[in-house]
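Results of the structural survey
If you want the building blocks of each chain, they are given just below.
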Amino acid sequence: MKCYCGKIAYINLSDGKVEAKEIPEEYLVNFLGGSGLAARLIFDLVDPTADPLSPENALVFMTGPLTGTIMPTGARMTVAAKSPLTRGWGEAHAGGFWGTELKRAGYDGIVVTGRSEKPVYIYIHDGEVEIRDASKLWGLDTYEADIELKKLIGENVRCAIIGPAGENLVSIAGVFFDVRPDGPRVAGRCGMGAVMGSKNLKAIAVKGSGKVEVENLPSLREYLKRILPSIMSFPTTQLYSTYGTTAEVGPMYTYGDLPIKNFSMGTWDEVRNLEGEEVAKRIVKGHRACFNCPIGCWRYVDCEVDGEKVVGRAIEYESIGALGSLLLISDPAKVAKLHQLCNKLGVDAISTAVVVAWFIEAYEKGLINNERLGGIRPKWGDHKLVEELIMKIAKREGIGELLARGVREASKEVKGSESFAMHSKGLEIPMHDPRAFKGMG
Ligand code: SF4
């Protein structure tokens, strides 16, 4: 069936066995897209009682039929596994180029099982799969690891990487794609970075020279010629092309959807500093697009905060809500700095901000034992405090050991704090107040 390579690489890191297996046609027909296929494979492979961080869990990277084709926004792909946060189904998504490159290298997806004795990375190139030593990469942040991998393999390789947080099995760690120069694209949710770390897998590098075939290219081209003008002239598309998802900050605030101060406030005048136009004016330097996407909502920043350069992927609606309004930080450059730190150390910005917001509120309410604080005096709007906490979370150091477990588990240890631990079945709530859009909670 065209649009697919028809093959998945099964890699067992316990014994180093690699197998390329065909995807049953029935699966391609009945389980659509990266998430659908990943769900079916995990259903087949993982015992429901398996510990998410054990070798028995399977970590699946899966593209969909449109990944790598000329369909606009088709670049996205899925990372899935049993989640250490929810202990149930976990999936996260990323755009960029990695999924397309994987298909060009001959695979629709990768299933990683087992656990390597030593840190490794996987290198996939034109059908070949190699498991390589990653001892020199272990401990590096995602930016450093991307640089080193490119020195080892070549600048044109595409990498999926975990940071120190994933290595340290932080439950809110993510997987980071296309990190430099203007990324990363992030599969942040559900602790997929911790599952990758539990397998001693630092990175998956891919390089391919193949093509993604479609059933009837001329007719697809004709179809796109007809629909593209409508897509591109649609007002939301135009806003996304200009401001990215930050275009949503103002409207979502008006709906009461943008969470403020750990979901406890309804209005906050300083939100104006975080709206799309303001962010663009103050810190955004340019636009990028995922593979073959005409919209190009992906922007990058170049600014300086506290004498430090902040360069790379711009803040989006979610990171502004999380590291901005949720924590009452209204300077977009400071939010961008925190976002970059999350990306470097390998934690999900949403979950990190939710657990930090819970921590500040618990402290304010006098629920956190002073001995636990290690000299920290939490307060709202303090980006330096958040910076310190992100580092502690990634290293599981001091109070970071508690926060690294995610907000549900952390709140179980602090009596009286569960009522303001904002999660749904263990996964920290994204930046949509359920009182505005009930389906999002
Ligand atoms: S650039 Fe934006 S709109 Fe285009 S595929 Fe990437 S995330 Fe989607």
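Residues numbered from 1 in each chain as written. Predicted model: local features only at pLDDT ≥ 70, side-chain atom pairs only at ≥ 80, totals over all residues. Heavy atoms only, no water.

Thoughts on unusual backbone geometry
Following Arg180, the chain continues to Pro181 via a peptide bond in cis, the omega torsion being 0 degrees. Along the chain, Pro181 falls in the loop between strand E10 (175-177) and strand E11 (185-187). With an omega dihedral of 5 degrees, the bond running from Gly183 to Pro184 counts as a cis peptide bond. Along the chain, Pro184 turns up in the loop between E10 and E11. One non-glycine residue, Thr73, lies in positive phi territory at about 65 degrees. Overall, the relative accessible area of 44% leaves Thr73 in the partly exposed class. Even without glycine at this site, Lys425 takes up a positive phi of about 55 degrees. (Helix = DSSP H or I, 4+ residues; strand = E, 2+ residues; numbered from the N terminus. Buried < 20%, exposed > 50% of the residue type's maximum accessible area, 1.4 Å probe, protein only.)

Some thoughts on the pattern of salt bridges
Taken as a whole and assessed by the stated rule, the structure comprises 30 salt bridges. In this structure, the salt-bridge partner of Arg132 is Glu130, at a minimum N-O distance of 2.9 Å. Arg132 gets classed as partly exposed once you look at its relative accessible area, which sits at 26%. For Asp306, the salt bridge is made with Lys337, and the minimal N-O distance between the two is 3.0 Å. Of this pair, Asp306 sits in the loop between strand E14 (298-305) and strand E15 (308-313) while Lys337 sits in helix H12 (residues 332-345), and the two are 31 residues apart along the sequence. Classification of Asp306 by relative accessible area gives partly exposed; the value is 42%. (Salt bridge = Lys/Arg side-chain N within 4 Å of Asp/Glu carboxyl O.)

A look at the sheet that holds strand E6 (residues 109-113)
Across the sheet, six strands lie side by side as E2-E1-E6-E3-E4-E5; this open sheet has mixed pairing. Looking at the sheet topology across the chains shown, the edges are occupied by strand E2 (17-22) and strand E5 (89-94). Averaged over all adjacent pairs, the angle separating strand axes in this sheet is 15 degrees, with direction ignored. One ladder, built from six bridges, connects strand E4 (residues 77-82) with E5; its direction is antiparallel. Bridging across to E5, Ala80 finds its partner in Glu91. Together, strand E1 (7-12), strand E3 (59-63), E4, E5 and E6 form the strand contacts of helix H2 (residues 33-45), whose direction differs from that of E3 by roughly 150 degrees. (Pairing = 2+ DSSP bridges. Axes fitted to C-alpha atoms, helices over the stretch in contact; angles between N-to-C directions. Contact = heavy atoms within 4.5 Å.)

Focus on the sheet that holds strand E9 (residues 158-161)
The six strands are arranged E8-E7-E12-E9-E10-E11 in an open sheet whose pairing can be described as mixed. A strand with exactly one partner marks an edge of an open sheet, and here the two such strands are strand E8 (128-133) and E11. With direction set aside, neighbouring strand axes in the sheet form an average angle of 20 degrees. Along the sheet, helix H4 (residues 142-153) makes contact with strand E7 (120-125), E8, E9, E10 and strand E12 (201-207), crossing E9 at roughly 140 degrees.

Regarding helix H15 (residues 383-395)
Between its terminal C-alpha atoms H15 stretches 19 Å, which fits the 18 Å expected from 13 residues at 1.5 Å a residue. Three or more residues of H15 are buried, namely His383, Leu385, Val386, Glu387, Leu389, Ile390, Lys392, Ile393 and Ala394. The inward-facing, buried residues of H15 abut helix H5 (164-167), E14, H12, helix H13 (349-364) and helix H16 (400-403). Where H15 begins, one side-chain oxygen reaches toward the backbone nitrogen of Lys384, 3.2 Å away; that side chain belongs to Asp382. Positive phi shows up at Arg396, right after H15, with a value of about 55 degrees. (Expected span 1.5 Å × (residues − 1). Polar contact = N/O pair within 3.5 Å; in protein donor to acceptor, adjacent residues only side chain to side chain.)

Describing the layout of surface pockets
The calculated volume of the largest pocket comes to roughly 790 Å³. Taken together, 32 residues line the largest pocket, and the ones lying closest to its centre are Val186, Arg313, Glu316, Glu318 and Ile350. Of all the secondary structure elements, the ones that give two or more residues to the lining of the largest pocket are E5, E11, helix H11 (317-323), H12 and H13. Sorting elements by how many residues they give to the lining of the largest pocket places E5 first, with four residues. A domain-level breakdown of the lining of the largest pocket finds at least three residues from each of domain 1 (7-207) and domain 2 (234-441). (1 Å grid on protein atoms, 1.4 Å probe; cavity = no way out; pocket = protein on both sides within 12 Å on 5 of 7 lines; lining within 4 Å. Points joined across faces, edges and corners; volume = space filled by probe spheres on them. Domains from an automatic or database assignment.)

Remarks on the environment of Val310
Checked against the element boundaries, Val310 lands in strand E15. With 10 residues separating them in the primary sequence, Val310 and Tyr300 have C-alpha atoms 9.9 Å apart. The contacts of Val310, once residues within four sequence positions are left out, are Val301, Asp302, Cys303, Val305, Ala336, Lys337 and Gln340.

Thoughts on the site of the ligand
The full set of residues close to the ligand is Thr73, Arg76, Arg185, Ala289, Cys290, Cys293, Gly296 and Cys297. Class assignment for the residues of the shell around the ligand results in four nonpolar, two polar and two charged. When residues are assigned to domains, the shell around the ligand turns out to be shared by domain 1 (7-207) and domain 2 (234-441), each giving three or more. (Near = heavy atom within 4 Å. Nonpolar A, V, L, I, M, F, W, Y, C, P; charged D, E, K, R; others polar.)

A closer look at the side chain of Lys199
Position of Lys199 relative to the elements: it lies in the loop between helix H6 (192-198) and E12. Comment: no salt bridge for buried Lys199; closest opposite-charge side chain is Glu56, at 7.8 Å. With near-sequence residues (within four places) excluded, Lys199 lies in contact with Leu13, Ser54, Pro55, Asn57, Leu59, Val112, Thr113, Gly114, Arg115 and Ser116. (Lys, Arg positive; Asp, Glu negative; His and termini not counted.)

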